[in-house]
Amino acid sequence: MDIKRVKDSIYWLYYQYLLITCSYVLEPWERSMFHTITVTVFAMVVYTAYVFVPIHVRLAFEFFSQIFGGQPESTV
């Protein structure tokens, strides 16, 4: 795959993003603000999922293992 095809593919994906979000009708300064807010919200969602989802999955696993007959951890 040559560089031109990769560049065209990336440009096509960016154009699809502009069409889906309707941000192609915005002025350049509005578009940059929109992209900044979108990237910030996306980063916050990814960070929150990275930090909190494993904790909740572990707690749910412990809860269901106790319900379905798992042995408690402190059986010494």
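Since this is a predicted model, take the numbers as computed values, not measurements.

The rules behind each value
Residues numbered from 1 in each chain as written. Predicted model: local features only at pLDDT ≥ 70, side-chain atom pairs only at ≥ 80, totals over all residues. Heavy atoms only, no water. Phe/Tyr/Trp six-rings, centres within 6.5 Å; stacked < 30°, edge-to-face > 60°. Helix = DSSP H or I, 4+ residues; strand = E, 2+ residues; numbered from the N terminus. Buried < 20%, exposed > 50% of the residue type's maximum accessible area, 1.4 Å probe, protein only. Expected span 1.5 Å × (residues − 1). Patch = residues over 30% accessible without salt bridge, like charges linked within 9 Å, V, L, I, M, F, W, Y side chains within 5 Å. Areas by Shrake-Rupley, 256 points an atom, 1.4 Å probe, with all protein chains shown as cover. Salt bridge = Lys/Arg side-chain N within 4 Å of Asp/Glu carboxyl O. Axes fitted to C-alpha atoms, helices over the stretch in contact; angles between N-to-C directions. Parallel < 35°, antiparallel > 145°, perpendicular 65-115°, else oblique. Contact = heavy atoms within 4.5 Å. Nonpolar A, V, L, I, M, F, W, Y, C, P; charged D, E, K, R; others polar.

S.K.: Which residues make up the packing of aromatic side chains, and what values do they have?
M.R.: With the rule as written, the count across this model stands at 3 aromatic pairs. Between Tyr-14 and Tyr-17, the aromatic rings sit 6.3 Å apart at their centres with planes inclined by 35 degrees, giving tilted as the arrangement. In this pair, Tyr-14 and Tyr-17 are both assigned in helix 1 (residues 3–21), 3 residues apart and thus about one turn of the helix distant. Given the relative accessible area of 27%, Tyr-17 is considered partly exposed. When the centroid spacing of 6.3 Å and the interplanar angle of 15 degrees are considered together, the rings of Phe-64 and Phe-68 count as stacked. Taken together, Phe-63, Phe-64 and Phe-68 form an aromatic cluster joined through their ring pairs.

S.K.: Outline the side chain of His-35, listing residues and values.
M.R.: Relative to the helices and strands, His-35 resides in helix 2 (residues 28–67). Taking the relative accessible area as the measure of exposure, His-35 reaches 18% and is therefore buried.

S.K.: Give me the lowdown on helix 1, citing residues and values where you can.
M.R.: Here helix 1 contains 19 residues, and its C-alpha end-to-end distance of 27 Å stays within 8% of the 27 Å for a straight helix at 1.5 Å per residue. Phi turns positive one or two residues past the end of helix 1, at Cys-22, with a value near 60 degrees.

S.K.: Run through a nonpolar patch on the surface, naming residues and quoting values.
M.R.: Judged by side-chain polarity, Tyr-11, Tyr-15, Leu-19, Tyr-24 and Val-25 come together as a nonpolar surface patch covering roughly 530 Å² of accessible area. Along the chain, Tyr-11 turns up in helix 1. Residue classification places Tyr-11 among the exposed residues on the basis of a relative accessible area of 56%.

S.K.: Summarise the packing of helix 1 against helix 2; cite the residues concerned and give the values.
M.R.: Helix packing geometry: the angle between the two helix axes and the distance between the axes. Contact pair helix 1 / helix 2: the axes reach a minimum separation of 13 Å and the direction vectors enclose 95 degrees. Our classification of the angle between helix 1 and helix 2 gives roughly perpendicular. Along the contact surface, helix 1 presents Tyr-14, Tyr-17, Leu-18 and Thr-21, while helix 2 presents Arg-31, Phe-34, His-35 and Thr-38. Taken together, the residues that form the contact of helix 1 with helix 2 break down as 4 nonpolar, 3 polar and 1 charged.

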